[in-house]
Amino acid sequence: MMNKFSRSSCLLLALVAFPASPAYCYTVTITAGPRAIYLQVGNGTFTGFFSSGGIPGNNTTVNLVSVTVPAAQVGSGTPLTMTTNSTATASFWDGFTFCTVPAQVYIGGFFRRPGNAAGTATLTVNTPATLTTTGSSIPFTKISWVSSGIGDTGVQPIPSGTFTGGTQTLATFPVNTWRESCHAFSYLNDQVVGSGTYTGRATYTLSAP
């Protein structure tokens, strides 16, 4: 029997409503080594940089992505840019600045195995069906993201998308690769909702059999 090998990280998303009255994409081949998996969503912890022998650590921070909807714009159909409290801008691969905060959230990591071992890790995200406040809710499908970045001209390893509610696959990490992107989130804002702070958690997991 094989044990599933995984790491998870979370984002908390919030929308504040009132009643109506670009990261450089990066994919790197890494040296084979002891079986390891690393995922960072927002703030992470690393001793040094991976490219020079750095060691990843655990970071229990759950970063927030949020937007406040002005009363006059509730349900207008004009998407609104969300911002984050994450301070992560640089890659722990080599220290290069990939993301712009508070506009983008860093998402990346690696999957490594020894020798010529094969395999692929899968990055998924799980969300509830809705963001909720007392007596009201907003579908998670109203939140999407664009994967882009500073000086980016290539295909993003963790592409743009929209939350579906439930578990969805975002990307695959072939063995012995480091992959990262920066995501800018937005709220569709196409329905009239009551006042309140609507919250929901997105849990990202990088796993391999």
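Just above, that's the structure.
Just so it is clear, the structure is predicted and the values come from calculations on it, not from any experiment.

This next bit is on the state of the cysteines. Applying the stated criterion across every chain, the model contains one disulfide. The side chain of Cys 99 participates in a disulfide bridge whose partner is Cys 182; the two sulfur atoms lie 1.7 Å from each other. Looking along the S-S bond of the Cys 99-Cys 182 disulfide, the torsion reads about -80 degrees, which is the left-handed sense. Of the two residues, Cys 99 sits in the loop between strand 8 (83–84) and strand 9 (105–112) while Cys 182 sits in strand 16 (residues 177–187), which places them 83 residues apart along the sequence. Here Cys 99 matches Cys 182 in class, with each residue buried.

Right, let's talk about unusual backbone geometry for a bit. Look at the link from Val 101 to Pro 102: it is a cis peptide, with omega at 10 degrees. Counting through the fold element by element, Pro 102 comes out in the loop between strand 8 and strand 9. Phi angles above zero are rare outside glycine, and Asn 176 is one such case at about 60 degrees. For Asn 176, the position within the fold is in the loop between strand 15 (166–174) and strand 16. Owing to a relative accessible area of 10%, Asn 176 belongs among the buried residues under this scheme.

With respect to the helices, strands and loops of the structure, Gln 168 is situated in strand 15. With relative accessibility at 13%, the residue Gln 168 sits in the buried group. Spatially, the C-alpha atom of Gln 168 lies 8.7 Å from that of Leu 123, the residues being 45 residues apart in sequence. In contact with Gln 168, not counting residues within four places along its chain, are Leu 123, Thr 124, Val 125, Trp 145, Thr 162 and Phe 163. A distance of 2.8 Å separates the side chain of Gln 168 from the backbone nitrogen of Thr 164, its partner in a polar contact.

Take the pairing of strand 6 (residues 63–69) next. Covered by surrounding structure in strand 6 are Asn 63, Val 65, Val 67 and Val 69 only, the residues Leu 64, Ser 66 and Thr 68 on the alternate face being uncovered. Bridging between strand 6 and strand 8 involves two bridges; their strand directions are antiparallel. Residue pairing for strand 8: Ser 66 is matched across the bridge by Thr 83.

Parameters and conventions
Residues numbered from 1 in each chain as written. Predicted model: local features only at pLDDT ≥ 70, side-chain atom pairs only at ≥ 80, totals over all residues. Heavy atoms only, no water. Disulfide = S-S within 2.5 Å. Helix = DSSP H or I, 4+ residues; strand = E, 2+ residues; numbered from the N terminus. Buried < 20%, exposed > 50% of the residue type's maximum accessible area, 1.4 Å probe, protein only. Contact = heavy atoms within 4.5 Å. Polar contact = N/O pair within 3.5 Å; in protein donor to acceptor, adjacent residues only side chain to side chain. Pairing = 2+ DSSP bridges.

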